[in-house]
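Each chain, written out:
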Amino acid sequence: MKYDTMNEYTMAKYFESLCNSFYIAYTQGKRLEEQREELEKNYPDKELEIVEKLIELSKISSSNELKEKYAEQKFSQEQLEKRKEKLKMQKEACEDGDREIQYQLNFWLGKIWNTVKNIKQLLYRMKNENLSIIITSEEEIVALIAVFRSESQAMDKFANIINTKEESLKSFPTSELCQAFLRAYQLKNKEEMEQVIEKYF
């Protein structure tokens, strides 16, 4: 990989560093979102609501024969009360977990979008100085996808920021995500780029 000037090399290294920082924050955010989804699967709200209704039903002062006609009794009121307490504790634990996840998520989201802002500033500076960047990793592509997602005119503004000369593309990552991004970028196809962003970010 060859840069024409020391300034271009220095900015490329800074770009690489920013993208690595972004990717760390991005993967932490993804991990927390997956944890939240797992937590939501264990959230007992609906079951708790049903148990509370069954408890109310069991308190109705009418004959057991009438109750059994409309609701098959499988649990005693005592069993339902115990289940209710267990579900309430589970609900509280889920809510505590959700609050902790949200706290951490806010931290990493702040890091993500602050880094995106810094990457954009660097790209604008490079554009003004007629410099380009040689892409060497998927982390850099994921960061660029975030930039393109946050900047509506990114395709126009950064049309020549990536060095797409044959020699430079030898180091371009070959994953499906990276190749899809490169194709949309080289074609200057905004719709295709939007599809890439939608699919991979």
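Residues numbered from 1 in each chain as written. Predicted model: local features only at pLDDT ≥ 70, side-chain atom pairs only at ≥ 80, totals over all residues. Heavy atoms only, no water.

Draft legend 1. Summary view of the packing of aromatic side chains. Evaluation of the coordinates by the stated rule reveals 9 aromatic pairs. Between Tyr 23 and Tyr 26 the ring centres are 6.1 Å apart and the planes differ by 35 degrees, which places this aromatic pair in the tilted class. With a gap of 3 residues between them, Tyr 23 and Tyr 26 both fall in helix H1 (residues 6–41), about one helical turn apart. Each residue in the set Phe 22, Tyr 23, Tyr 26, Trp 113 and Phe 201 is aromatic and connected to the rest through ring pairs, giving one cluster. Positioned above the aromatic ring of Tyr 185 is the side chain of Lys 188, whose terminal nitrogen or guanidinium carbon lies 4.2 Å from the ring centre. (Phe/Tyr/Trp six-rings, centres within 6.5 Å; stacked < 30°, edge-to-face > 60°. Helix = DSSP H or I, 4+ residues; strand = E, 2+ residues; numbered from the N terminus. Lys NZ or Arg CZ within 6 Å of the ring centre and 35° of its normal.)

Draft legend 2. Region of the structure containing the environment of Ser 76. As for its placement among the helices and strands, Ser 76 is situated in the loop between helix H3 (64–70) and helix H4 (77–128). The spacing of Ser 76 and Leu 54 is 22 residues in sequence and 9.9 Å in space, taken between C-alpha atoms.

Draft legend 3. Focus on H4. If you check H4, its first and last C-alpha atoms are 74 Å apart, about what 52 residues at 1.5 Å a residue would give, namely 76 Å. With its phi angle positive at about 60 degrees, Asn 130 sits one or two positions after the end of H4. (Expected span 1.5 Å × (residues − 1).)

Draft legend 4. Representation of a negative patch on the surface. A surface patch of negative charge is lined by Glu 33, Glu 34, Glu 37 and Glu 40. Among the structural elements, Glu 34 can be located in helix H1. Judged by relative accessible area, Glu 34 falls into the exposed class, the value being 53%. (Patch = residues over 30% accessible without salt bridge, like charges linked within 9 Å, V, L, I, M, F, W, Y side chains within 5 Å. Areas by Shrake-Rupley, 256 points an atom, 1.4 Å probe, with all protein chains shown as cover. Salt bridge = Lys/Arg side-chain N within 4 Å of Asp/Glu carboxyl O. Lys, Arg positive; Asp, Glu negative; His and termini not counted. Charge placed at Lys NZ, Arg CZ, Asp CG, Glu CD. Buried < 20%, exposed > 50% of the residue type's maximum accessible area, 1.4 Å probe, protein only.)

Draft legend 5. Fine view of unusual backbone geometry. For Asn 130, which is not glycine, the phi dihedral falls at a positive 60 degrees. Counting through the fold element by element, Asn 130 comes out in the loop between H4 and helix H5 (138–150). The class of Asn 130 is exposed, set by a relative accessible area of 73%. Even without being glycine, Lys 188 reaches a positive phi, approximately 55 degrees. Structurally, Lys 188 is set in the loop between helix H8 (176–187) and helix H9 (190–200). By relative accessible area, Lys 188 is classed as partly exposed at 37%.

Draft legend 6. A look at the packing of H8 against H9. At their nearest, the axes of H8 and H9 sit 8 Å apart, and the two run at 160 degrees to each other. It follows that H8 is roughly antiparallel to H9 by the angle criterion. For H8 against H9, the interelement crossing comes out left-handed. In this structure, H8 uses Glu 176, Leu 177, Ala 180, Phe 181, Arg 183, Ala 184, Tyr 185 and Leu 187 to contact H9, whose residues at the interface are Glu 192, Met 193, Val 196, Lys 199 and Tyr 200. (Axes fitted to C-alpha atoms, helices over the stretch in contact; angles between N-to-C directions. Parallel < 35°, antiparallel > 145°, perpendicular 65-115°, else oblique. Left-handed = near helix turned anticlockwise from the far one by under 90°. Contact = heavy atoms within 4.5 Å.)

Draft legend 7. Quick peek at the pattern of salt bridges. For the structure shown, the criterion picks out 12 salt bridges. A salt bridge links Arg 183 to Glu 192; the shortest N-O distance between them is 2.7 Å. Connected through salt bridges with shared partners, the residues Lys 120, Glu 151 and Lys 157 form a single ionic network.

Draft legend 8. Looking closely at the side chain of Arg 36. Mapping Arg 36 onto the fold places it in helix H1. Exposure remark for Arg 36: the relative accessible area of 18% places this residue in the buried category. A polar side-chain atom of Arg 36 sits 2.5 Å from a polar atom in the side chain of Gln 102. Leaving out residues up to four positions away in the same chain, Arg 36 has contacts with Asp 98, Ile 101, Gln 102 and Leu 105. (Polar contact = N/O pair within 3.5 Å; in protein donor to acceptor, adjacent residues only side chain to side chain.)

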